Structure formats: C-alpha cells, structure tokens
2 protein chains.
Amino acid sequence: MDLRRLRYFVAVAEARSVGKAAERLRMAQPPLSVQIRKLEAEIGAPLFRRGTRGMDLTEAGQALLARASEALALAADGAEAARAVASGRRGRLSVGYMFVLANAVLPRLIPELRRSVPGVDLDFAELSASTREARLLDRSVTVALCMPAIHHPEIQVARIGAQPLMLVMPIRSPLARLNTVPMARLQGRPLIALPPPDQDPASSAVAALLRRHQIVMPIASRVETVHSAMSLVLAGEGLAIVPACAKLGAPRGIVFRPLRDAADSIDIAVCWRRDSQSPLIRTFLKCAEKIVARL
Amino acid sequence: MDLRRLRYFVAVAEARSVGKAAERLRMAQPPLSVQIRKLEAEIGAPLFRRGTRGMDLTEAGQALLARASEALALAADGAEAARAVASGRRGRLSVGYMFVLANAVLPRLIPELRRSVPGVDLDFAELSASTREARLLDRSVTVALCMPAIHHPEIQVARIGAQPLMLVMPIRSPLARLNTVPMARLQGRPLIALPPPDQDPASSAVAALLRRHQIVMPIASRVETVHSAMSLVLAGEGLAIVPACAKLGAPRGIVFRPLRDAADSIDIAVCWRRDSQSPLIRTFLKCAEKIVARL
DNA sequence: CCATTGGCATACCGAAAACGTATGGGTTGG
DNA sequence: CCAACCCATACGTTTTCGGTATGCCAATGG
C-alpha cells in the first residue's frame, strides 16, 4: 500500500475522471490509469465504476476514500509537525531551575518564554543541587537554570549573570548592626553550608572566599537549598553565605549584609546536554539572559 | 512522502536500531539505513540521534512517529474497509419497497436482513409507483422490492413470488355476499385504478384481465397506492382489483373476494441496477425470496 | 595498546516499478 | 457516419529500490 497510489486515487475520485486528475497531477493519463488499476488489484475489488463520461466511486471506493484522505492529511501533518518541532515553532521544553533563582527569575521568565514560543509545551521542574546533572543527562529536563554552573564534559554551559555573595544572619545578631561585615568577623563562627558543585567541597565559591581570607568557619549543617540554610540561620544554628538574589525568598527575621573586601560572586548559568540540538535551547537562553540582566 | 518510508521509520523507531528493524522487515540493513536518511532529507531535519548502541528518536522524530503510525493504521484500515464493503461484510444497503408489500413482508424481512448482514447499515425507503425507476437509476436506493416488476433496460429483475388479484369492495356491497365474484358482475362498475407500470395503461395486469374477459369498467379515480384505493373503495367511489397481500393493511369495512375464472396474479420482484455489483444485492434477494415464499 | 566486535553509512550493481508516447476501442453527439 | 472524448493497453526509457561488499567509528576486552 503506497501513499502515492492513495494520492492518485483521491485525485481521481475528486476529479471523477482519470484525464482531469492526471492534468491536475501534472502527469500523463495512461500511467495514472495503470496506478488506479494496480490499486484496485491490491485491494481486490473495483473502486470505480467506469462510465462513458468519466469514473465514479463504488461503495468500496467511498469507504477507502474517507480513510485515504485522512491518511494523506495525517502523513502531511506528521511531516509538518516534525519540521515545526525541529525548527522550534512547536514541541516541548522541559526547564529545570534551582530554587534559589525561582523567586527572582521565574515570575518574569515564564511569561517571557510563553510569549516567545507560543506553540511550545513548557514544563518546569525544580532541580536539587545533587541531581541536576543526572536530570540533564537522562533528558528529563532539556535545559537547566543553574546557580552555580554545572561542570561536566557532556554538558554545555552559558554564563548569563552572577550574584554577589552576601552574609545572612538573624536580625538579632550583633553583626546585623554593621552595614558591611569585615571578613575577619566571621572567624570561628558556625556556617550553614550548601552542597559544593562537582561533589568537591573545595569547589564551592564560599569555600574559596574563606580560604582566600584565611577564615575558618566550622560547618554546623549541610543543607540542600538556600532556603533551608536561611531557616537554620533564623533558628540560630549559624551563619550562611548566599547569593544576593536569595533575598527575595528570605523569611522575616533574616538580614543580608555585604562582606567587606569580598567582591566574590556565584555564576548564574544556563546548562544543557551538548547533543541536544533543539533550537528551543537558544530561545530559552536569550530569554533567560534578558531577564537575568535586569536583576 | 511515501508510506513505505513511514513504515520503515516506525519499525526503526520501535526497534531503536536499524539492524534490528531490518531483520524484522526481512531486508538488509543498508537499504533501510538509506531509506531513513532519505526520509530525514525529505523532512529536512534529523529524526534520530545516532548513538554507539543504536538509534533514538529526536523530538521531531517523536512528533512524526505519532502521526505516521496513525496514518499507517488508517491506510490499512481503509484497504480493509474497502474489501469488507466489496465482499458485503460491511457497507450500506438502501432498500426501497412499495407500500403494498410493507405489511406482509417488511416485519419479517427486516429482522432477517439484520441477522444476515450484521455489519451493514440498512436503510428503508417507501417507493411510489411513479418514481421507483428513477430512485434505482440515480442510486438513491440500491435495491427495490416491487409489485409489479419494473421493466427497464438498465434494471435487472428477479421474480420472487406472485399474488393473485382480488376484488376489493365495501362490506355493505351486494357483491360481498358472494364467495367468489364472476367477472361478468364487474361490467360497467366504476374502478379505482392504480398507475400502470411503464406509463402504459395497457400494461397493467388489471387492464389485461378486464380486456381478456371483455369487461369495461370506467375509471372513477387514479391513485398512487393500494391503500388509497381501498380508502376510496370504502368511501363508495368504486371497486378495486388488488393483490391479495394488501389484505394485511386493509381498513375495517373492506372485504376481499376472489374473481371466478381469473387466476391472474401480479409478480413480486426484486429489482436493481444492472451495474450495481454489490454482493449485498444477492443477500437481499435470498432473504426476500425466503420471506415471500411463506406468504 | 591493539584487536575485536557491534552498529551505522557509503558504493555499486542488478531488478523492479513508474512515467511518457503511441495507439486501440467504445460511446456520444452532430 | 464521422469526429470527439475518455479510458485501457503496449512498449521503451528512466528512476528508484534492494542486495552485497566494504568502510568508519566507538566501545570492549585481553
């Protein structure tokens, strides 16, 4: 069963004539006649009644016509859908994000995205620091909005911004009276730590900052998210050093202070599998850059 | 866009491997690989991600897969539907009948038909004597249960029975006291006439009967149906000569009497266009023969 | 580190299918 | 009775398809 034959069949059925249909199909009449007869042989029944003034569908032909034109439309639609997905006009984009960025970025990013790619199914998923690589690698998210960036040979990273590190403490803390906190004042105080990227404690921006200033802060707890860290800080478990944008989601009773002599920051990055060639990734990147630039 | 290519595409997508799919399709791997690449060229986008352990659909490929398998199913279903219609397992049969036969035949014929061809859409339409040929010729009915038969070069006729002619009169008529009525008693009485077949007044069985016995009955009225005739008879407008089976639909106050020395009858026939090759016609014929034989 | 294996891609050739041109046959209408 | 119209058939040419042989690449294992 060949789709061309069905196309020919539909043309002849609509034109009610082999000659007219051949003209419309830009081909000669005899081969079209042959194809129709071959189709009839394949089906095993006459599809047309041959009259002296053209041809007319039999009942069997009518039964075929309905499904044949549907099948043709479906095949054409399938090709068009594949092209649309390949070009980024349609499809699905699964966006992963880390919760630190949710409050600062998502409320403006999501509407912007929907406006940019109206035909695309968008899908958002929070990523935990410990599973974000895996989610990208197994394609359960197509693109991830990360902070800090991921380092992995299969993953492509585009840095789109950065946030300065700030000290986070309860409002009752004596340090809260300072406008900026000197690094030396952190010496020996308990720290609520976040998971370092790359499973390597030394790779964290906070660790680097402390190391450079030769400050030692004992780790009171390790938590998964900046928000958990802030909760523990509020509970008096210690201090935390987090990106400035976390302020938007901070609970009452928490204050943010810049660290004197510390211009350190954490990158905001868009990350995706190197072999994901979806054009939606570029679109996402542009939107994210635009929104993050305004922070 | 070729249906074979889509079939190949679906096979490869399901097997997630060109080699495995080729095996299942009973062909060599290289030509299949070529066909897949041709399909990708036709679409203008990669449909598979080639890995070292086989192939995997891209998003564009997934978009195509859904519609491609639907299109394949539809094409197969179309062929099957056409075969089913051609063989009489499915389809539509539009049955025309003349009202004289409705009461005697339809109540038993319709259930019998539905049992014989359960997949077929049946459709019944009353035919008037004056338009029955036209309804067959323009195919608005496929087959007609007629009385009397139609004569037309394009129409095939199968005689399946006959009904004797009987005299119809009001119960109060003096003739009603006779068990059989001699032909001579009809001389000069007004007749409620029915339309002759073939638009020719001489072609009617009643006309032939009267002519043979040299009886003249003035025509009081011409009506379309036997039932109209019986109504007029009841109203005292005249007598009518009708087939015996009309008795089943006769109004109260009407009596039927055989005519002495007159074995004349009217044929019951199944009629259809010579060029209608639907096998349902044969089935219908068998059912109708069986039911009419029991009259 | 090299050999082997598994999988897809490419090249080439023979076979099958489709298309075009030429032509025949049947019916309609003047 | 001839011309016009339409579908069917025949035949040669061209395109396309499938099979075999082979190459390339990556992963695996000794």
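Quick notes on the rules
Residues numbered from 1 in each chain as written. Chains lettered and ligands numbered in written order. Predicted model: local features only at pLDDT ≥ 70, side-chain atom pairs only at ≥ 80, totals over all residues. Heavy atoms only, no water. Contact = heavy atoms within 4.5 Å. Buried area = accessible area lost by both parts, 1.4 Å probe. Salt bridge = Lys/Arg side-chain N within 4 Å of Asp/Glu carboxyl O. Polar contact = N/O pair within 3.5 Å; in protein donor to acceptor, adjacent residues only side chain to side chain. Helix = DSSP H or I, 4+ residues; strand = E, 2+ residues; numbered from the N terminus. Near = heavy atom within 4 Å. Buried < 20%, exposed > 50% of the residue type's maximum accessible area, 1.4 Å probe, protein only.

(A) Local environment of the interface of chain A and chain B. With 32 residues of chain A at the interface, the matching set in chain B holds 32 residues. Buried area between chain A and chain B, summed over both chains or domains, comes out near 2700 Å², and the portion from carbon and sulfur atoms is 65%. Considering only the surface of chain A that becomes buried against chain B, Arg49(A), Arg67(A) and Leu74(A) emerge as the three largest contributors, covering 19% of it. Between Asp77(B) and Arg67(A) there is a salt bridge, and its shortest N-O distance comes to 2.6 Å. Our count for the contact surface shared by chain A and chain B stands at 6 residue pairs in polar contact (both at pLDDT 80 or more). Elements with a contribution of two residues or more to the side of chain A that touches chain B: α1 (3-15), α3 (29-43) and α4 (59-87) of chain A.

(B) Main features of unusual backbone geometry. Cis geometry is adopted by the peptide bond preceding Pro148(A), which originates at Met147(A) and carries an omega value of 0°. Here Pro148(A) lies in the loop between β5 (143-146) and β6 (155-170). One non-glycine residue with positive phi stands out, namely Arg16(B), at about 55°. In this model, Arg139(B) sits at a positive phi of 65°, which is unusual for a non-glycine residue.

(C) Just the protein's contact with DNA strand D, in detail. Neighbouring residues of DNA strand D: 21 residues in total, closest Pro30(A), Ser33(A), Arg37(A), Arg50(A) and Tyr8(B). The sugar-phosphate share of atoms of DNA strand D within 4 Å of the protein amounts to 67%. Within the side chain of Ser17(A), one N or O atom sits 3.5 Å away from a phosphate oxygen of DNA strand D. The contact in question runs from a phosphate oxygen of DNA strand D to an N or O atom on the side chain of Lys38(B), over 2.9 Å. Mapped by element, the contributors of at least two residues to the surface near DNA strand D are α2 (18-24), α3 and β2 (54-57) of chain A together with α1 (3-15) and α3 (29-43) of chain B.

(D) Up close: the environment of Trp272(A). All names here are of chain A. Here Trp-272 is to be found in strand β12 (residues 265-273). Trp-272 sits in the buried class, given a relative accessible area of 6%. In this structure, the C-alpha to C-alpha distance between Trp-272 and Ile-150, residues 122 residues apart in sequence, is 9.4 Å. For Trp-272, the residues in contact, after removing those within four places along its chain, are Leu-136, Thr-142, Val-143, Glu-154, Ile-155, Gln-156, Ala-158, Ile-281, Arg-282 and Leu-285.

(E) Main features of the pattern of salt bridges. Residues and elements named next belong to chain A. Within the structure shown, the criterion is met by 36 salt bridges over all chains. The salt bridge involving Glu-59 is made with Arg-49; its shortest N-O contact spans 4.0 Å. Taken as a pair, Glu-59 in helix α4 and Arg-49 in strand β1 (residues 48-51) lie far apart in primary sequence, 10 residues in all. Since its relative accessible area comes to 32%, Glu-59 is described here as partly exposed. With a shortest N-O distance of 2.8 Å, Arg-89 and Glu-80 are connected by a salt bridge. A relative accessible area of 45% places Arg-89 in the partly exposed class. On the accessibility criterion, Glu-80 (37% relative accessible area) is partly exposed. One salt-bridge network, held together by shared partners, links Arg-139, Glu-154, Arg-273 and Asp-275.

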